[in-house]
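Architecture at a glance
Okay, here's what each chain looks like letter by letter:
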Amino acid sequence: MPREPRPTLPHRLKRCGLLLVTAMLVVTSAATVTPAAAATTAGDPLDRAPRNTAESRAGYAARSDAVIRQFACEPLIAPDGDGEESFANILTAKLEAVRRAAQRGGKYQCAKGTADGAELRAEVNRTLLAMKVTSNPGTEFEVVPGVCKRSGEWDVVMRGLIVAAYRYGQYLDGEVHERLLAKDPLLHVRGKAHDGMARWSCKLPPVGPKVHIPESENHILLTRTSHYLTNQLLQRRQPGDAAFDNKANGMRDWMLGYLQRLLRDDFIEYNSRPYQDYSMAALQTLYDFAADDDVKRAAQMVLDYTSAKFAVSSRGLRRNVPFRRLRGDDIDKLHDPQTWRHLVLVGSSDTFGWSVPAADTMVPAALTGYRVPDLITDLILHPTGYFQRFRHAGAEVYSGSEEFLISAGGVVTPHAYKNPVSALLKPDDKGKAVPTLLIPTRAGVGSRAEVVRIDGVRDHDDRANVCVEPNFACGVNIEVPAAGGHICGTRVVDRWTFVDAHLPCRGGGAGYYAAVRIDRCGESEALACESRGVGNGGFFEAVPATRMPFDAFVDLVLRNNPGPFRAMTGGRYVTTDGRQIDYKPLVKPKDVAPGALATGDIVTSDAHTGLVTVRNPRTGQVLVLDFTVANRPQRHERSGERAGTPFSVSPGATPTAAHQAGGQLDLFVVGRDGVPTMTWQHGNAWRPWTPVVGGSRFTAPPGAPIATAMQGEQLNAFVVGRDGVPMMTWLKAKTWQPWVPVVGGSRFTAPPGAPITTGMQGQQLNAFVVGHEGVPMMTWLKGGAWQPWVPVVGGSRFTVPAGAPITTGTQGAQLNAFVVGQDGVPMMTWIKGKTWQPWVRVSADSRFRAEPGAPITAATRSGRPILFAVDRAGAPHVTWLRNDGWQPWVPVAAGMTAPPRARLAAADQGRTQLDLFAVGNDGVPAVSWTTGDAWVPWAPVSRLPLG
């Protein structure tokens with residue numbers, strides 16, 4: 001399978017007055033073996049993707065050694081106002097080689113040849129003993145040439161020296177220890193916390209005002225973690241000296257408060273391409289050497305959060321995310337410093353081979369005791385379906401499936417540091433919105449040009465690429481690569497381009513289909529398009545190729561979406577699984593709403609309080625990072641979502657209640673991990689949540705509806721799985737049987753998670769569902785066997801949105817089925833004798849319209865059927881059957897506006913009163929009821945008097 005082309009050996013590049021080994025890549029052909037990769041071969045375990053968390057952990061030592069071998073034999077040059085990061089990383093790599101040589105007969109095999117451990121040690125001690133402090137810790141700047149200026153970057157050196165002192169102290173001579181801490185100390189930042197730790201000042205000539213320049217986040221982390229750990233070293237040398245007691249001098253409280261902010265609001269320099277390596281190295285060093293358990297745990301929690309973000313924002317280690325600071329550092333390639341860091345910590349992938357291009361990121365990762373938690377490693381190795389948002393200073397949105405990742409480009413954000421001098425010195429330090437991409441999981445693409453992308457408006461300061469929903473994205477200036485590479489072919493139909501990237505395709509592919517709609521600006525939009533640099537606007541939907549054949553995908557998209565669509569103002573799109581999306585390709589950055597730090601299926605937060613939860617839907621593992629109290633960070637891992645309390649599901653999931661024959665009340669729901677789960681009432685208590693079928697590997701989309709039905713005294717449960725196959729289980733001798741297809745051997749599938757409905761026709765149990773083609777389908781139980789899936793009404797051309805809910809209801813001995821069609825008209829059929837009658841309007845009233853595929857609620861009153869539905873304006877309506885037929889749809893009562901696709905609930909209180917419940921647009925549950933012909937106005941449920 002093709003991989004991203006390998007990068008060449010690192011070379012030196014100037015960055016903020018710093019010579020460093022960096023990941024500026026020169027792309028070669030996929031077949032080229034570069035010098036950086038020369039230490040590996042095609043069969044080398046480094047180049048094989050770990051298959052599970054155990055292999056990932058077991059392979060860390062080999063990955064670490066491969067990194068160290070590249071840099072341990074580089075010359076160690078003391079920094080002299082330059083080269084600080086190269087020095088820190090070569091220093092620590094060289095000392096690690098000394099340690100390993102001591103275990104290997106005194107020799108160490110570098111990439112350049114065999115090195116003598118004693119000689120490496122002597123080189124380190126000789127260099128450190130002769131070193132002088134040649135710059136200041138923190139940011140380097142020059143406000144006025146030659147006058148208001150400051151050298152910087154010594155904090156980068158200090159981090160390397162801290163690692164040397166703590167991890168490799170036994171290899172340092174006594175004079176060197178004194179040089180580090182006592183005599184003209186190289187580690188000279190020490191003592192108490194103070195107000196000047198976050199900014200620098202200078203006076204403009206000749207007697208001008210004092211200029212304050214805020215310190216950058218990455219330098220604060222580097223400087224203050226070294227400050228904290230230097231105090232810790234000095235406290236060991238001088239016990240009882242309060243000046244170096246981090247609790248007494250305020251450094252502990254300062255450190256915990258700063259780390260808490262990172263978990264509450266994310267980094268100011270979020271996803272920064274040039275500075276993530278600084279911040280991560282500082283946090284890893286603090287985790288490795290902090291003696292205080294709370295400080296160590298706090299650093300670990302921030303690192304865990306960062307890795308969880310990487311897991312949901314990457315595919316096969318490839319990543320394309322919005323970032324802040326130095327927008328000019330953006331590149332077309334699908335990687336950043338977190339890619340190289342996780343290449344060491346987790347391992348290579350099937351689409352991203354092993355190489356060592358970035359010492360600044362990879363050496364610290366190769367020498368840390370921090371390990372990515374298993375549940376996050378599993379998320380990286382085994383991508384699953386999820387939807388995820390992050391809202392910090394910027395915005396990130398990701399829609400993942402097993403076959404692809406849709407990565408939103410984000411939104412432009414203001415200057416990282418709200419200071420006019422900072423803005424003047426570094427005008428490029430804003431947040432950048434990158435293109436929105438469709439990244440395939442299984443194909444070895446390595447650049448934006450190879451994938452479907454949405455570039456956004458021409459002006460970077462006006463860009464907001466955040467229109468992403470599950471399996472969907474919209475925006476302006478859309479590009480579709482030509483067939484070739486991972487794309488098997490494209491089909492153009494009018495303004496639609498359908499992308500076929502199924503497996504296999506010329507020996508490799510990406511396993512998905514995409515429908516891309518591109519509309520050019522119309523006459524009424526021409527001026528606005530020109531002013532904002534918009535050439536086109538539109539959207540795309542992507543689906544795994546396993547969902548349906550390509551031709552069926554094309555036909556379904558076209559049938560569901562006659563339009564109209566406009567380049568800038570958008571329209572309404574109906575997805576292949578029946579969801580309706582009102583999209584707008586062009587939005588302004590100011591219109592991007594604020595929100596919680598993290599919302600979605602994988603990472604959630606309690607607003608911006610410091611409480612973050614990470615869930616792995618595949619394994620059921622949960623990681624809770626609780627930093628709500630600054631001086632008491634708490635970290636908890638659970639082995640399974642159901643192992644602890646409270647059990648949670650995706651927002652909006654609908655539980656199903658059912659009574660067993662013995663009267664026991666059961667409750668069913670599909671959890672975040674896709675496992676159908678249940679609880680039941682035992683006495684006055686509910687039992688712990690447990691899988692319906694213990695030990696089963698069957699999963700459905702999180703929150704998919706489960707249908708239940710009694711068949712005599714047997715309780716059955718039905719749900720449509722991730723692969724679209726309708727499945728069932730049943731209770732036999734108090735044991736739920738294994739999940740099996742409802743109709744064995746059938747090739748019929750529905751959209752994953754589509755609702756199944758059941759209904760009794762006398763003693764016969766029927767099951768209904770709408771398939772991919774939009775045809776209402778059914779099966780029934782006859783002689784103990786389920787019959788093949790067939791259209792409910794044979795020969796009918798009537799269709800509804802794919803996966804639309806069907807409602808059943810009885811009218812005496814007659815079974816009826818109801819559904820809302822493509823035009824929003826509620827339709828029905830009924831069985832007469834053994835034949836289902838043609839689909840007809842429920843009511844002859846032609847004015848009522850619901851959203852296509854909207855749910856219908858059925859009830860009875862005094863033995864007569866009643867139906868409820870919400871119209872397109874959000875008003876609940878009702879119709880009922882009288883002797884002269886179904887009556888016109890009329891509003892239930894005044895005082896309620898609900899989402900157009902809201903589901904209503906009805907309950908009959910005996911023969912006297914019928915209640916109807918709804919949740920309005922204000923989120924308040926409300927009720928209306930009738931005892932005769934009129935409905936009482938809607939009122940909040942909680943405000944009703946009792947008795």
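In short, a report on the structure. (Residues numbered from 1 in each chain as written. Predicted model: local features only at pLDDT ≥ 70, side-chain atom pairs only at ≥ 80, totals over all residues. Heavy atoms only, no water.)

Quick look at the sheet that holds strand β14 (residues 404-407) now. What the seven strands build is an open sheet, ordered β22-β18-β17-β14-β13-β12-β29; its pairing is antiparallel. At either end of the open sheet lies a strand with only one pairing partner, and these are β22 (478-479) and β29 (598-600). The sheet contact formed by β14 and strand β17 (residues 436-440) spans four bridges and is antiparallel. In the strand pairing of β17, F404 is matched with P440. (Pairing = 2+ DSSP bridges. Helix = DSSP H or I, 4+ residues; strand = E, 2+ residues; numbered from the N terminus.)

All right, on to unusual backbone geometry then. Trans peptide bonds make up most of the peptide bonds, and negative phi angles are found at most residues other than glycine. The residue after G563, namely P564, is reached through a cis peptide bond having omega 0°. Of note, P564 is situated in the loop between α16 (550-560) and β27 (571-574). In the Ramachandran plot, E153 falls in the positive-phi region, its phi being about 85° despite a non-glycine side chain. Secondary-structure assignment places E153 in the loop between β6 (148-150) and α5 (154-167).

Bringing the state of the cysteines into the picture now. In the structure shown here, the tally under the stated rule is three disulfides. A disulfide bridge connects C467 with C474, and the sulfur atoms are separated by 2.0 Å. The sign of the 115° torsion about the S-S bond sets the C467-C474 disulfide as right-handed. In this model C521 forms its disulfide with C529; the gap between the sulfur atoms is 2.0 Å. Its S-S torsion of approximately -95° makes the covalent link between C521 and C529 left-handed. On the accessibility criterion, C521 (24% relative accessible area) is partly exposed. On the basis of relative accessible area, C529 is assigned to the buried category, the value being 2%. (Disulfide = S-S within 2.5 Å. Buried < 20%, exposed > 50% of the residue type's maximum accessible area, 1.4 Å probe, protein only.)

A few words on the side chain of S307. If you trace the backbone, S307 turns up in helix α10 (residues 293-312). Classification of S307 by relative accessible area gives buried; the value is 0%. Every residue in contact with S307, bar those within four places of it in the chain, is listed here: R341, H342, Y370, V372 and I376. (Contact = heavy atoms within 4.5 Å.)

Given a rise of 1.5 Å per residue, 21 residues ought to cover 30 Å, and the 30 Å separating the end C-alpha atoms of helix α7 (residues 217-237) matches this to within 8%. Taken across its 21 residues, α7 has 18 buried, putting it largely inside the fold. (Expected span 1.5 Å × (residues − 1).)

Inspection of the entire model under this criterion finds 30 aromatic pairs. Between the aromatic rings of Y166 and F289, the centroid separation amounts to 4.9 Å while the plane-to-plane angle is 20°, which identifies the pairing as stacked. Here Y166, found in helix α5, pairs with F289, found in helix α9 (residues 276-289); they are 123 residues apart in sequence, far enough to count as distant. Accessibility classification places Y166 together with F289 in one group, the buried group. Centroid distance Y513 to F553: 5.8 Å. Interplanar angle 35°. Geometry classified as tilted. One end of the pair, Y513, is in strand β25 (residues 512-520); the other, F553, is in helix α16, with 40 residues separating them in the sequence. In terms of burial, Y513 and F553 fall into one category: buried. Members of the aromatic cluster, joined through ring pairs, are F472, W496, F498, Y513, F539, F550, F553, F565, Y573 and Y583. (Phe/Tyr/Trp six-rings, centres within 6.5 Å; stacked < 30°, edge-to-face > 60°.)

With that settled, consider helix α3 (residues 84-102). When the terminal C-alpha atoms of α3 are compared, their 27 Å separation across 19 residues agrees well with the 27 Å that a helix rising 1.5 Å per residue should span. The buried fraction of α3 is high, at 17 of 19 residues.

Within strand β44 (residues 757-761), four of the five residues are buried, leaving the element largely enclosed by the surrounding structure. Summarising the sheet, β44 and strand β45 (residues 764-770) pair through five bridges and their orientation is antiparallel. By the bridge assignment for β45, T757 is matched with F768. Linkage of β44 to β45, two consecutive antiparallel strands, is achieved through a turn of two residues, within which G762 is found at a positive phi near 65°.

With that settled, the discussion passes to the environment of T497. Locating T497 in the fold gives a position in strand β24 (residues 496-501). Sequence separation between T497 and V480 is 17 residues, and the spatial gap between their C-alpha atoms is 8.2 Å. Excluding its chain neighbours within four sequence positions, the residues that come into contact with T497 are V480, T490, R491, V492, A514, A515 and V516.

Once that is clear, we can look at the packing of α3 against helix α4 (residues 117-130). Close contact between α3 and α4 brings their axes to 8 Å; oriented N to C, the two are set at 145°. For the crossing formed where α3 meets α4, the hand is left-handed. Here F87, L91, K94, L95, A97, V98 and A101 of α3 lie close against α4, whose contacting residues are G117, L120, R121, E123, V124, T127 and L128. Among the residues making up the contact of α3 with α4, the classes are represented as nine nonpolar, two polar and three charged. (Axes fitted to C-alpha atoms, helices over the stretch in contact; angles between N-to-C directions. Left-handed = near helix turned anticlockwise from the far one by under 90°. Nonpolar A, V, L, I, M, F, W, Y, C, P; charged D, E, K, R; others polar.)

By the criterion of burial, strand β32 (residues 622-626) is predominantly enclosed, with four of the five residues buried. Relative to β32, strand β31 (residues 611-615) runs antiparallel, the two being bridged by five bridges. Of the residues in β32, the one forming a bridge with V612 is L625. Judged from the five bridges that link them, β32 and strand β33 (residues 634-638) form a sheet pairing that is antiparallel. From the neighbouring strand, L625 faces β33, where its bridge partner is R635.

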